[in-house]
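Understanding the architecture of this molecule
Spelled out, the chains give:
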Amino acid sequence: MAYMIDRCPSEDSPRLGAMTLHPVAESIPRARRWFRKFIAPYDPVCSVDDCVLMISELVTNAIVFGRSEDPWLVRVEWFREGDSLRVEVHNPGFPANVRRRRPDANDAHGRGLLLVDSIADSWHSGPSRFGGTVVSFMVDDAWTS
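A brief report on the enclosed structure follows. (Residues numbered from 1 in each chain as written. Predicted model: local features only at pLDDT ≥ 70, side-chain atom pairs only at ≥ 80, totals over all residues. Heavy atoms only, no water.)

Now for the packing of helix α1 (residues 27-39) against helix α2 (residues 48-65). Between α1 and α2, whose axes approach to 9 Å, the crossing angle comes to 145°. Between α1 and α2 lies a crossing of right-handed hand. Across from Ser27, Ile28, Ala31, Arg32, Phe35, Arg36 and Ile39 in α1, the residues of α2 making contact are Val48, Asp49, Cys51, Val52, Ile55, Ser56, Val59, Thr60 and Ile63. Looking at the contact of α1 with α2 residue by residue, the classes come out as ten nonpolar, three polar and three charged. (Axes fitted to C-alpha atoms, helices over the stretch in contact; angles between N-to-C directions. Helix = DSSP H or I, 4+ residues; strand = E, 2+ residues; numbered from the N terminus. Left-handed = near helix turned anticlockwise from the far one by under 90°. Contact = heavy atoms within 4.5 Å. Nonpolar A, V, L, I, M, F, W, Y, C, P; charged D, E, K, R; others polar.)

This is the structure we're talking about:
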């Protein structure tokens, strides 16, 4: 299985790192491990566990709902914007399909964006600059001033 980690973002970019994952179930724990490993040197003061949980949910959604007739990948990028952390998850699905659901108590699925909405300071979905969809979240005060 091929993958890519961007360990050396350019100095003039707020991007701290990126990873490209195959749309398979094994990519979900891989995304969690890689984010933990590559965010650690930046020493955020926010809850890395919360960020990992949100990344896990968004990568899962990207794998489940991403669609393309051609082979495709899920891309995860994380950025420092002032004191905030922004994480983006890109897939080839359609932006209009991203929505929070209201699952019944017995439903096994449909809580991912509700979870992101409750933990993140904000989140957004829309067209990806790579084509397809991006879903992102922001964590304010991720670093001390």
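Let us keep going from here.
With respect to the helices and strands, the residue Ala18 is situated in strand β2 (residues 15-21). Between the C-alpha atom of Ala18 and that of Trp34, which follows or precedes it by 16 residues, the distance is 9.5 Å.

The subject of this paragraph is the nonpolar core. Membership of the largest hydrophobic core comes to 33 residues, with the highest contact counts inside it found for Phe35, Val59, Val76, Trp78, Leu85 and Phe137. The leading source of residues in this core is α2, at eight residues. Among residues more than four places away in sequence, those in contact with Val76 are Gly17, Ala18, Met19, Leu21, Val59, Val87, Glu88 and Val89. (Core = buried A, V, L, I, M, F, W, Y, C linked by side-chain atoms within 4.5 Å. Buried < 20%, exposed > 50% of the residue type's maximum accessible area, 1.4 Å probe, protein only.)

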